[in-house]
Amino acid sequence: MTDLEKLCSRLTETANCAVITDEVNRRYFTSMKSSAGTLVVFPEKAYFIIDFRYIEKARKTVTACEVILQDKLYEQINSLIEKHGAKTVAVNADTCTLSE
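Given the structure is predicted, the values throughout are model-derived calculations rather than measurements.

On to the overall build of the protein. A count of helices and strands for the protein gives 4 helices and 5 strands. Reading the helices (α) and strands (β) of the protein from amino to carboxyl end gives α-β-α-β-β-α-β-α-β. In terms of overall size, the protein behaves like a compact globule, its C-alpha atoms giving a radius of gyration of 12 Å where 100 residues would be expected to give roughly 13 Å. By its C-alpha atoms, the protein is 35 × 35 × 25 Å across when sized along the principal axes. Residues counted as buried form 41% of the 100 residues belonging to the protein. Counting only contacts in the protein whose residues sit at least 6 apart along the sequence, the fraction spanning at least 24 positions is 45%. Within the protein, one finds 13 positive and 14 negative side-chain charges whose respective centroids are separated by 5 Å.

Let's shift gears to the nonpolar core. Residues Leu39, Val41, Phe48 and Ile50 are the most contacted members of the largest nonpolar core, which totals 19 residues. For this core, the secondary structure elements donating two or more residues are helix H1 (3-14), strand S1 (17-20), strand S2 (38-41), strand S3 (46-50) and helix H3 (55-61). Grouped together as the second largest cluster of nonpolar side chains are 12 residues, Val40, Ile49, Leu80 and Ala86 included.

What follows covers the environment of Ser34. Mapped onto the elements, Ser34 comes out in the loop between helix H2 (23-30) and S2. In this structure Ser34 comes out as buried when scored by relative accessible area, which is 4%. Residues Ser34 and Asp51, 17 residues apart in the sequence, show an inter-C-alpha distance of 10 Å. If near-sequence neighbours (up to four positions away) are discounted, Ser34 is found in contact with Glu23, Arg26, Phe48, Ile50 and Tyr54. Reaching out from Ser34, the side chain makes a polar contact with the backbone oxygen of Ala36 at a distance of 2.6 Å.

Reading the values: rules and limits
- Residues numbered from 1 in each chain as written.
- Predicted model: local features only at pLDDT ≥ 70, side-chain atom pairs only at ≥ 80, totals over all residues.
- Heavy atoms only, no water.
- Helix = DSSP H or I, 4+ residues; strand = E, 2+ residues; numbered from the N terminus.
- Rg over C-alpha atoms; globule rule 2.2 N^0.38 Å.
- Buried < 20%, exposed > 50% of the residue type's maximum accessible area, 1.4 Å probe, protein only.
- Contact = heavy atoms within 4.5 Å.
- Lys, Arg positive; Asp, Glu negative; His and termini not counted.
- Charge placed at Lys NZ, Arg CZ, Asp CG, Glu CD.
- Core = buried A, V, L, I, M, F, W, Y, C linked by side-chain atoms within 4.5 Å.
- Polar contact = N/O pair within 3.5 Å; in protein donor to acceptor, adjacent residues only side chain to side chain.

In structure tokens:
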């Protein structure tokens, strides 16, 4: 079981969704080094939203989740949360502000 799969399996115990924006944690779960990107994880599926600068690299490197080209990030995240019916979201409080 991969580390991302372990995170997915633990989400139902703590939250319905995790939004990971921290560079170190993104790299840990996706195996891709980048200065941008947002990992959105649900118990059943994970998504890596990345901007145009890294999209090709992400499509080649990131295999554990669906890679999505970033357009309107917060709308994309909200759409995924709605799609999966998540009611609670876990975030890294050290890197994600309350306003985000």
